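# Tertiary structure, described
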Amino acid sequence: VFFVMNAVVTLYIFSVVPEFMFRLGFWLISFFVYKINYKNSDEIPRFGPVVLIGNHVSFIDWFVVIAACKRPVRFVMDHKIYKNPILHVFFRLCKAIPIASAKEDAVCKKKALESISAALVDGDVVCIFPEGAVTRNGEMAMFRPGVLEILETNPTPVVPFAINGLWGSYFSRASGKAMQGMPKMKIRGREVNVDMGKILPAEAT
């Protein structure tokens, strides 16, 4: 009887705040697969809205950001990846926000901007990879204008971050296409650094 009661309560808590269960899982995986170093993670405010902006090195950048932040993070992601039949339920539980360019899907972009605005009004942490795609050469690409639209509508503090160490990994495009073939396992995990910058005002260029 107690087992059933505990199971019901656990499922209920998971349905309300699944992010914390995911964070635990990501932390355990990162402990065994990667050696992740976090610098200045206390720059992320403990309360209130904040926008995280960083470089997009691999398809698991969100993984290391979640493990670095002590608060639930809502990611803005490409609508095609969001609709992936295998991962869609997971992204929905994480409350990710699908977005598209105005040229590709104007309705989707409008809904995304409205969702982001509502999240910031609620005091959430929103993470954006403003390059719009995973880098193909290891260098940072031009930022897309969507970030400025978001900050103009909701002037919010910004915390920039840099991910180093994932370029050349199985999940990056260093070899052309990511996640091709079987990953090479190493006895010692790949060292990854996540550096948080000083918090900036919304007016920062």
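Please read these numbers as outputs of a predicted model, since none were measured by experiment.

Turning to the state of the cysteines, a few remarks are in order. Applying the stated criterion to the full structure yields zero disulfides. With no disulfide partner, C69 has as its closest neighbouring cysteine sulfur the one in C127, 8.9 Å distant. The class for C127 is buried, based on a relative accessible area of 0%.

Note that side chains of opposite charge can pair when their charged atoms are close. Counted under the stated rule, the structure contains three salt bridges. E43 is paired through a salt bridge with K198; the nearest N and O atoms lie 3.5 Å apart. One end of the pair, E43, is in the loop between strand 1 (34–39) and strand 2 (50–54); the other, K198, is in the segment after strand 7 (190–196), and 155 residues separate them in sequence. Overall, the relative accessible area of 62% leaves K198 in the exposed class. As a salt-bridge pair, E149 and K109 come within 3.1 Å of each other at their nearest N and O atoms. Taken together, the residues span a long stretch of sequence, with E149 in helix 7 (residues 146–153) and K109 in helix 6 (residues 102–121) at a distance of 40 residues. Under the relative-accessibility criterion, E149 is labelled partly exposed at 28%.

Basis of the calculations
- Residues numbered from 1 in each chain as written.
- Predicted model: local features only at pLDDT ≥ 70, side-chain atom pairs only at ≥ 80, totals over all residues.
- Heavy atoms only, no water.
- Disulfide = S-S within 2.5 Å.
- Buried < 20%, exposed > 50% of the residue type's maximum accessible area, 1.4 Å probe, protein only.
- Salt bridge = Lys/Arg side-chain N within 4 Å of Asp/Glu carboxyl O.
- Helix = DSSP H or I, 4+ residues; strand = E, 2+ residues; numbered from the N terminus.

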